[in-house]
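Spelled out from the first residue to the last, the chains are:
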Amino acid sequence: MITTTHYLVLAAIIFAIGCFGVLTRRNLLVMLMSVELMLNSANLTFVAFAKSLGDTSGHIFPIFIMTVAACEVAVGLAIIITIFRMSKISDVLGLTFMKDIKSG
Amino acid sequence: MDNVIWIIPLLPLVGFLINGLVGRRLPDRLVAIIGVSLPVASFFIAVWSFLELLKLGDEGVLTSTLYTWIVSGDFVVNLTFRFDQLSAVMALVVSGVGSAIHLYSAGYMHDDKSFSRYFSYLNLFLFSMLVLVLAEDLVLLFLGWEGVGLCSYLLIGFWFDDMENAKAGKKAFIVNRIGDLGFFVGMALIVITIGTLNVPEMKNLLEANPGLLTAGMATAITLFLFVGATGKSAQIPLYIWLPDAMAGPTPVSALIHAATMVTAGVYMIARLGFLYVLSPTTMIIVALIGSLTALYAATIGMAQNDIKKVLAYSTISQLGYMFMAVGVGAFASGIFHLMTHAFFKALLFLGAGSVIHAMSGEQDIRNMGGLRKKMPITFWTFLVATLTISGIPPLAGFFSKDEILWKAFSTHLGSIGILFWAIGLLSAVITAFYMFRLFFVAFTGESRASEDVKKHIHESPFSMTSVLILLGIFSVIGGFIGVPELLGGSNHFEHFLAPIFPHLGSRFDAHSAHTWEIILLALSLVAAASGIFLAYLMYVKKTDIPKVFVKKYNALYQLVYDKYRIDELYGAIFIRPFFVLGVIFSSIVDSWIIDGIVRIVTMATAKLGRLFMSFQGGDVRVYGRVLLGGLLLILIIVVFGRV
């Protein structure tokens with residue numbers, strides 16, 4: 001039997017993976033994907049609690065989040081592609097042309 | 001403000017402001033008119049106030065409060081001028097002799113390029129000095145006290161192009177600071193114990209409640225104030241600045257360093273006489289320092305060849321007499337001698353200035369001589385002043401000096417007075433000797449000047465000689481206001497000042513006092529005559545005696561000639577250690593400890609800055625990590641902290 005706890009643990013694992021990805025990977029595209037993972041882990045949590053508490057408003061939120069995430073991906077991907085086209089760089093550490101000082 | 005005495009110091013201040021601010025753009029003649037007429041006007045107001053004061057009788061006093069200067073709890077300082085018998089005498093002497101010297105300066109300084117600067121300083125000096133003598137409050141007196149010190153510094157270093165003059169000014173200023181510190185501590189102790197610095201109030205409080213001051217505290221206060229007096233009035237051990245102060249223009253030496261400023265210490269002690277009589281210890285110390293200074297400076301005066309240096313040491317010596325007088329409680333005699341001294345010493349200095357002026361700046365008496373024919377007025381007035389200072393009757397110096405010697409002899413302090421008297425008498429012999437040595441060498445005999453200088457020797461202009469004659473007249477008649485009863489006079493001067501001073505008895509009864517006074521009088525005359533005779537013998541009759549003497553006792557002569565090498569001694573025990581201390585502080589304490597602390601602070605700030613700079617590197621992932629770490633920390637605290 002799959003209980004709410006299982007869902008929550010899965011969501012936590014996905015969140016941790018996403019978090020780890022954002023913090024460790026240097027590729028912009030991968031970082032964006034990791035952010036999506038975290039968003040989806042939050043969706044999963046919402047749905048799991050909605051199911052166990054029988055509250056339908058918990059089902060509404062993931063739909064909103066997915067919509068926002070889609071917009072976000074559209075904008076994010078556009079920026080990433082533009083940056084890549086401009087500078088041939090997809091590594092975040094190289095993206096310092098917006099400031100003068102060197103990063104510590 | 002119900003009378004005009006506040007105008008007395010105001011007028012010279014106005015002169016200072018005009019000459020100081022716009023004097024450079026005015027023609028010299030106008031500067032001189034402003035600079036001389038305002039002091040003269042203030043002298044006339046002083047005379048007028050004096051006549052008003054006489055109408056008021058014995059207990060009369062004129063005061064004029066301008067405004068309240070300081071209010072701090074119970075401690076109040078008013079800007080009040082007080083014109084009583086003592087300040088009347090001082091104000092008349094200061095503004096009178098001051099005006100005369102201003103007039104003389106107009107002739108003496110006529111071709112100086114800083115003519116207006118000179119007159120603005122001189123007027124500022126007169127203002128400060130009048131504030132000093134008219135102040136009712138010690139704080140206001142101190143303001144004048146510092147003001148005259150400042151003007152003294154400015155005028156000693158008047159020709160500051162020459163480093164020596166600038167140094168002499170600095171020396172006078174620094175030595176005076178040491179004395180002023182003592183003065184200040186004394187004032188602070190008065191505030192602590194009596195609670196006010198207003199002189200008449202102090203007097204009333206002490207009369208109402210003598211327990212305010214313990215004997216020890218009275219001694220401490222008076223001694224500290226006396227330290228201030230030794231600085232200002234050039235007494236042992238702080239006299240060293242006065243001989244160097246001769247670097248200033250000669251009228252300045254006459255006004256500031258002979259007639260007025262240097263007597264401020266005597267005035268201060270006389271003014272606070274009611275405090276000084278509370279401490280016999282201090283009285284004895286003051287009299288002892290005074291008498292020793294009188295003797296000591298007189299001996300140095302014997303061996304000097306610079307005409308102004310001789311007069312400088314003579315001034316120190318005469319100031320010693322005044323301190324002897326106030327020390328033995330004869331305040332009126334001290335002020336009497338202060339007044340006569342102002343006349344004859346100003347005259348001596350101005351006469352010397354006239355000679356220096358005529359001889360193209362020559363100050364060495366060995367290069368003078370034979371001035372009687374060429375400068376008759378200077379010659380005769382200088383002779384009068386020399387006779388006066390030597391104590392020849394009936395000139396002013398005789399009455400005042402003899403009065404001091406008698407008061408010292410008969411002092412209530414006891415038989416120690418005989419010691420003061422003996423030192424004073426010995427100094428009188430030496431004074432007569434060195435003054436006539438100066439006179440004979442500088443004025444009589446054949447001229448020893450070079451041909452160039454000789455051609456230019458001339459009598460000074462009328463503005464200078466008129467002052468010499470005026471002061472000469474005062475040196476002759478000035479003593480008659482204080483003729484002692486013994487000689488058929490009635491000592492008006494002492495009776496006039498009597499309301500101000502505490503009355504101290506004599507250790508003799510009236511009958512034996514009379515006998516003693518006659519004996520002392522005769523001895524004084526013998527002293528003066530023997531000094532003059534000795535000088536005549538050595539410098540006119542048998543001029544080879546000094547040479548033989550110098551050869552025989554060369555070491556002693558050199559020691560006296562070098563002023564006992566006290567300057568060198570002070571240099572070795574005070575200035576040198578301070579200098580070394582300065583070097584130590586600048587090279588170790590400042591460059592290592594102070595700079596070190598500063599460097600550590602800057603280094604720590606920079607390091608700390610660099611540490612926090614890594615959080616602001618602009619790297620999003622670092623922000624994320626910090627965010628996550630913080631979040632986790634909060635979570636841990638929330639979850640486990642509650643358990």
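Counting its secondary structure elements, chain A contains three helices and zero strands. Put simply, chain A runs from its N terminus to its C terminus through helices and strands in the order α-α-α. Here the C-alpha coordinates of chain A stretch approximately 55 × 25 × 20 Å along the principal axes. Every one of the 104 residues in chain A was classed for burial, and the buried ones make up 11%. For chain A, long-range pairs separated by at least 24 residues make up 48% of all intrachain contacts whose partners lie at least 6 apart in sequence.

Turning to the overall build of chain B, a few remarks are in order. Across its full length, chain B carries 26 helices and two strands. Overall size of chain B, expressed as C-alpha extent along the three principal axes, is 115 × 65 × 55 Å. A buried classification covers 49% of the 643 residues belonging to chain B. Taking all contacts inside chain B whose residues are at least 6 apart in sequence as the whole, residues at least 24 apart take part in 79%.

The next subject is helix 16 (residues 376-390) of chain B. Residues spaced three or four apart along an α-helix face the same direction, because each turn holds 3.6 residues. Residue and element names in this part refer to chain B. Compared with an ideal rise of 1.5 Å per residue, which puts 15 residues at 21 Å, helix 16 spans 21 Å between its outermost C-alpha atoms and is within 8% of the ideal. The buried fraction of helix 16 amounts to eleven of the 15 residues, a majority that puts the element mostly inside the structure. Along helix 16, the positions that sit buried rather than exposed are Thr378, Phe379, Thr381, Phe382, Val384, Ala385, Thr386, Leu387, Thr388, Ile389 and Ser390. Each element contacted by the buried residues of helix 16 is listed here: helix 14 (307-327), helix 15 (331-358), helix 17 (396-409), helix 18 (416-443), helix 20 (462-477) and helix 22 (510-541).

Looking now at the domain arrangement of chain B. Where interface size is given, it is often the accessible area lost as the parts come together that is meant. In terms of domain boundaries, chain B breaks down into domain 1 (1-179 + 243-264), domain 2 (279-558) and domain 3 (567-641). Each of domain 2 of chain B and domain 3 of chain B was reduced to a C-alpha centroid, and the two centroids are 67 Å apart.

Residue and element names in this part refer to chain B. The pairing of strand 1 (residues 62-72) with strand 2 (residues 75-83) spans nine bridges and is classified as antiparallel. The residue bridging Ser64 from the neighbouring strand is Phe81, located in strand 2. Counting the residues in the hairpin turn of strand 1 and strand 2 gives two residues, including Gly73, whose phi is positive at 65 degrees.

Residues and elements named next belong to chain B. Of note, the amide linkage connecting Ile236 to Pro237 takes the cis form, showing an omega dihedral of 5 degrees. Take Pro237: it is sitting in the loop between helix 8 (215-232) and helix 9 (241-244). Residue Pro394 follows Pro393 across a cis peptide bond; omega there is 0 degrees. Within the element layout of this structure, Pro394 appears in the loop between helix 16 and helix 17.

Attention now goes to the environment of Val40(B). As for its position among the elements, Val40(B) is in helix 2 (residues 28-56). Separated by 62 residues in the primary sequence, Val40(B) and His102(B) have C-alpha atoms spaced 8.9 Å apart.

Time to look at the nonpolar core. Membership of the largest hydrophobic core comes to 199 residues, with the highest contact counts inside it found for Leu130(B), Leu134(B), Met324(B), Ile335(B) and Ala346(B). Sorting elements by how many residues they give to this core places helix 18 of chain B first, with 18 residues.

To continue, consider the confidence of the model for chain A. When pLDDT is averaged across chain A, the result is 86; 93% of the residues are at 70 or more. When mean pLDDT is taken per element in chain A, helix 1 (residues 4-24) of chain A scores highest with 92 and helix 3 (residues 57-87) of chain A scores lowest with 90.

Position of Ala510(B) among the secondary structure elements: in helix 22. Here the alpha-carbon distance between Ala510(B) and Val326(B), two residues 184 residues apart in the chain, equals 22 Å.

What follows deals with the packing of helix 11 (residues 264-271) of chain B against helix 14 of chain B. All names here are of chain B. Contact geometry of helix 11 with helix 14 gives a least axis separation of 10 Å together with a crossing angle of 5 degrees. Relative to helix 14, the element helix 11 lies roughly parallel. Across the interface between the two elements, Val266, Ile269 and Ala270 from helix 11 touch Leu319, Met322, Phe323 and Val326 from helix 14. A breakdown of the residues in the contact of helix 11 with helix 14 according to their chemical character gives seven nonpolar, no polar and no charged.

Take the confidence of the model for chain B next. Chain-level statistics for chain B give a pLDDT mean of 90 and a share of 99% at 70 or above. The complex model carries a pTM of 0.80, and its ipTM stands at 0.71.

Before going further, it helps to examine the environment of Phe443(B). All names here are of chain B. Among the secondary structure elements, Phe443 is positioned in helix 18. For Phe443 and Cys151, which are 292 residues apart along the polypeptide, the C-alpha to C-alpha distance reads 32 Å. In this structure Phe443 touches Leu371, Arg372, Phe379 and Phe382, once residues within four positions along its chain are discounted.

How each quantity is defined
- Residues numbered from 1 in each chain as written.
- Chains lettered and ligands numbered in written order.
- Predicted model: local features only at pLDDT ≥ 70, side-chain atom pairs only at ≥ 80, totals over all residues.
- Helix = DSSP H or I, 4+ residues; strand = E, 2+ residues; numbered from the N terminus.
- Buried ≥ 20, exposed ≤ 12 C-beta atoms within 10 Å, placed from the backbone.
- Contact = placed C-beta atoms within 7 Å.
- Expected span 1.5 Å × (residues − 1).
- Domains from an automatic or database assignment.
- Pairing = 2+ DSSP bridges.
- Core = buried A, V, L, I, M, F, W, Y, C linked by C-beta atoms within 7 Å.
- pLDDT = per-residue confidence, 0-100.
- Axes fitted to C-alpha atoms, helices over the stretch in contact; angles between N-to-C directions.
- Parallel < 35°, antiparallel > 145°, perpendicular 65-115°, else oblique.
- Nonpolar A, V, L, I, M, F, W, Y, C, P; charged D, E, K, R; others polar.

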